[in-house]
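Listed below are the residues making up each chain.
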Amino acid sequence: TGLFVRGGDNDQNLFLYQGLPLYHVSHLGGIFSSFNVATISRVDFYKAGFPSKYGGRISSITDVMMKQPDFEEFHGRFNIGLLCANAYVTGPIVKNKTAFSVGLRRSWLDIVSIPTLAIVNAIEKKKGKKHIAGYNFTDFNARLDHIFNNSMSAYVVGYYGHDNLKIGLREFEGENNSYLVGPDGKPELDDSKAETRFFDENTNRLSWGNWGVLGSFTYRPYIGSLNFSAYYTSYTSKYRQERE
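Residues numbered from 1 in each chain as written. Predicted model: local features only at pLDDT ≥ 70, side-chain atom pairs only at ≥ 80, totals over all residues. Heavy atoms only, no water.

Draft legend 1. Structural detail: the side chain of T62. Note on placement: T62 falls in strand β4 (residues 60-66). The class of T62 is buried, set by a relative accessible area of 8%. Setting aside residues no more than four positions away along its own chain, T62 makes contact with L3, L14, F15, L16, V43, D44 and F45. (Helix = DSSP H or I, 4+ residues; strand = E, 2+ residues; numbered from the N terminus. Buried < 20%, exposed > 50% of the residue type's maximum accessible area, 1.4 Å probe, protein only. Contact = heavy atoms within 4.5 Å.)

Draft legend 2. The confidence of the model for the protein, seen in detail. Across the protein, pLDDT averages 85, with 89% of residues at or above 70. Across the protein, strand β7 (residues 98-107) holds the top mean pLDDT of 95, while strand β10 (residues 178-181) sits lowest at 50. (pLDDT = per-residue confidence, 0-100.)

Draft legend 3. View of the nonpolar core. Core analysis: the largest hydrophobic core is formed by 13 residues, its most contacted members being Y17, L20, L22, V25, F35, V64 and Y159. Those elements that place two or more of their residues in this core are β1 (13-17), β2 (20-22), β4 and β9 (152-175). Among the elements that make up this core, the one with the highest residue count is β9 (3 residues). With sequence-adjacent residues up to four places away left out, L22 is seen in contact with F15, Y17, F35, Y159, N210 and T233. F32, C84, Y135 and W208 belong to the second largest nonpolar core, which has 5 residues in total. (Core = buried A, V, L, I, M, F, W, Y, C linked by side-chain atoms within 4.5 Å.)

Structure follows, in structure tokens:
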């Protein structure tokens, strides 16, 4: 993630996922791999001397090839980690003719961080502050293969990947505070009866990701092979600031 090759910027690298171009594929901070490893069979990386089929790029080429679906039997894998989970399943629709594979991955950093955020906010409450934070990503991969005969085959690939980041601060002050007598005879603030008056909330939201679909047809005559591909890919990045 976040490759910088021979002095080039990150956006000067070409990322291909089974021939589908993708942009800014790295997740936040490089903590997670850019792609669901369960769906990958091979990665070719070129830092110079690019083959002509890739066109012109300044820095590098990262060509990620998906696993071919299993045309004979169903199988898969499911992994749960501390920060994310992923699932992969493949199998035949028509045995030895049509097969599919599906991969799904989702992080839950936003969920596991809730207790930590609650502790921090409990401490900061006395200062009239509440921190707002959350991050998650989801990616989905699908592939459908069909074999027409010994010389003709085709496949369709779909990809979706999206990240969401939220960070902000709410500031307020307490009023109408109630006090209790503590064990040492000194007054203590009774938080259960304290009312708060809202002052200001500033939240920043950033989301980015790709989605795309690719169709490919391969014809293998007696000598060599011919491949025809068409794709559509879209990258979006949105930043929104909310102030109340």
